[in-house]
Amino acid sequence: MKNDTNPWVNVDFPDVIACREKYIPRGEREKNVVCDITDHRWFDEVPFEKEKGVIFLAAGVLYYFTTDQVRALLCAMAERFPGGVVAFDAVNRIGLKAMAKTVLSQTGMSDIDAYFSVGDAPRELSAWSDAFASVTARSYMSGYRRLGIRYGLLPAVLNWFADHLVRMSIVRVAFR
């Protein structure tokens, strides 16, 4: 994120951080932390001032953890970083099965399993913690711009598939 204004912390396994270190130049205020995200010790590496807030992004990550692990992580984050926000992508069970069958196997990662899915994030996740101020979700494909038929048949079909069959969404959880 070549951003010299805001601190940025990347948390990942040793091989991924090694790859980042080798190929992606670090910004002036960027830090790479070797840690499993379910091990909350990485929380200590996040510069946090409640008045300034904090935003967490988990892109393509939470699928590989169980629902219990995701719940424990988000609840712990809400307690530790009041006023913060986490955003992540999600799919329902059908989408998760499709992802495991296509994306993971076609990329040679058939030994990796995907577990976490959510069909109705606001309803399902809001019940996880009183420390969640709000849970919202927007369609991954049409949450920001509807890809109607005027863009062509393929984008319209993909949009319908993502919205109605696999429920691809961007979920935002704001902490109290």
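Residues numbered from 1 in each chain as written. Predicted model: local features only at pLDDT ≥ 70, side-chain atom pairs only at ≥ 80, totals over all residues. Heavy atoms only, no water.

(A) Representation of the overall build of the chain within the structure. What the chain contains, in helices and strands, is 5 helices and 6 strands. Beginning at the N terminus, the succession of helices and strands in the chain can be written as β-α-β-β-α-β-α-α-β-α-β. Evaluated residue by residue, the chain yields a buried proportion of 36% over its 176 residues. The long-range share in the chain, meaning contacts at least 24 apart out of those at least 6 apart in sequence, stands at 68%. For the chain, the accessible area works out to roughly 10900 Å², and carbon and sulfur atoms hold 55% of it. (Helix = DSSP H or I, 4+ residues; strand = E, 2+ residues; numbered from the N terminus. Buried < 20%, exposed > 50% of the residue type's maximum accessible area, 1.4 Å probe, protein only. Contact = heavy atoms within 4.5 Å. Areas by Shrake-Rupley, 256 points an atom, 1.4 Å probe, with all protein chains shown as cover.)

(B) A look at the sheet that holds strand 3 (residues 55-58). Sheet architecture is open: 4 strands sit in the order 3-4-6-5, paired in mixed fashion. Both outer strands of the open sheet, strand 3 and strand 5 (132-139), are each paired with one neighbouring strand and no more. Each neighbouring strand pair of the sheet contributes to a mean axis angle of 15 degrees, computed without reference to strand direction. Where strand 5 lies against strand 6 (residues 169-175), 7 bridges are found, and the strand directions are antiparallel. When the sheet's bridge partners are listed, Phe132 is paired in strand 6 with Phe175. (Pairing = 2+ DSSP bridges. Axes fitted to C-alpha atoms, helices over the stretch in contact; angles between N-to-C directions.)

(C) Up close: the layout of surface pockets. By volume, the largest pocket amounts to about 1400 Å³. Lining of the largest pocket is provided by 40 residues; of these, Val9, Asn10, Val11, Phe56 and Leu57 occupy positions nearest its centre. Listed by contribution, the elements that provide at least two residues to the lining of the largest pocket are strand 1 (8-12), helix 1 (14-23), strand 3 and helix 2 (67-80). No other element matches the 5 residues that strand 1 contributes to the lining of the largest pocket. Grouping the amino acids of the lining of the largest pocket by side-chain chemistry returns 29 nonpolar, 5 polar and 6 charged. (1 Å grid on protein atoms, 1.4 Å probe; cavity = no way out; pocket = protein on both sides within 12 Å on 5 of 7 lines; lining within 4 Å. Points joined across faces, edges and corners; volume = space filled by probe spheres on them. Nonpolar A, V, L, I, M, F, W, Y, C, P; charged D, E, K, R; others polar.)

(D) Structural detail: helix 5 (residues 153-165). Compared with the 18 Å implied by 1.5 Å per residue over 13 residues, the 17 Å span of helix 5 between its first and last C-alpha is a close match. Summarising the contacts, the buried residues of helix 5 are in contact with strand 5. In the segment just after helix 5, Arg167 is the residue with positive phi, at about 50 degrees. (Expected span 1.5 Å × (residues − 1).)

(E) Layout of a nonpolar patch on the surface. A surface patch of nonpolar side chains, about 390 Å² in accessible area, is lined by Ile94, Trp160, Phe161 and Leu165. The leading source of residues in the nonpolar patch is helix 5, at 3 residues. Relative to the assigned elements, Leu165 resides in helix 5. Taking relative accessible area as the criterion, Leu165 reaches 33% and is therefore assigned partly exposed. (Patch = residues over 30% accessible without salt bridge, like charges linked within 9 Å, V, L, I, M, F, W, Y side chains within 5 Å. Salt bridge = Lys/Arg side-chain N within 4 Å of Asp/Glu carboxyl O.)

(F) Expanded view of the packing of aromatic side chains. Within this structure, the stated rule accounts for 9 aromatic pairs. Among the aromatic side chains, those forming a connected cluster through ring pairs are Trp42, Phe43, Phe48, Phe56 and Phe81. (Phe/Tyr/Trp six-rings, centres within 6.5 Å; stacked < 30°, edge-to-face > 60°.)

(G) Expanded view of the environment of Val70. Secondary-structure assignment places Val70 in helix 2. Separated by 33 residues in the primary sequence, Val70 and Ile37 have C-alpha atoms spaced 9.6 Å apart. Once residues lying within four places of it in the same chain are set aside, the contact partners of Val70 are Leu62, Phe65, Phe116 and Trp128.

(H) Here's a closer look at helix 2. With 14 residues, helix 2 extends 20 Å between its outermost C-alpha atoms, agreeing within 8% with the 20 Å of an ideal straight helix rising 1.5 Å per residue. Next to the buried residues of helix 2 lie strand 3, strand 4 (85-90), helix 4 (121-126), strand 5 and strand 6.

(I) Spotlight on the side chain of Ser169. Take Ser169: it is sitting in strand 6. Relative accessible area serves as the criterion here: at 10%, Ser169 is assigned to the buried category.

(J) Examining the confidence of the model for the chain more closely. Averaged over all residues, the pLDDT of the chain is 88; the fraction at 70 or higher stands at 88%. Mean pLDDT across the elements of the chain ranges from a minimum in helix 3 (residues 93-106), with 78, to a maximum in helix 2, with 98. (pLDDT = per-residue confidence, 0-100.)

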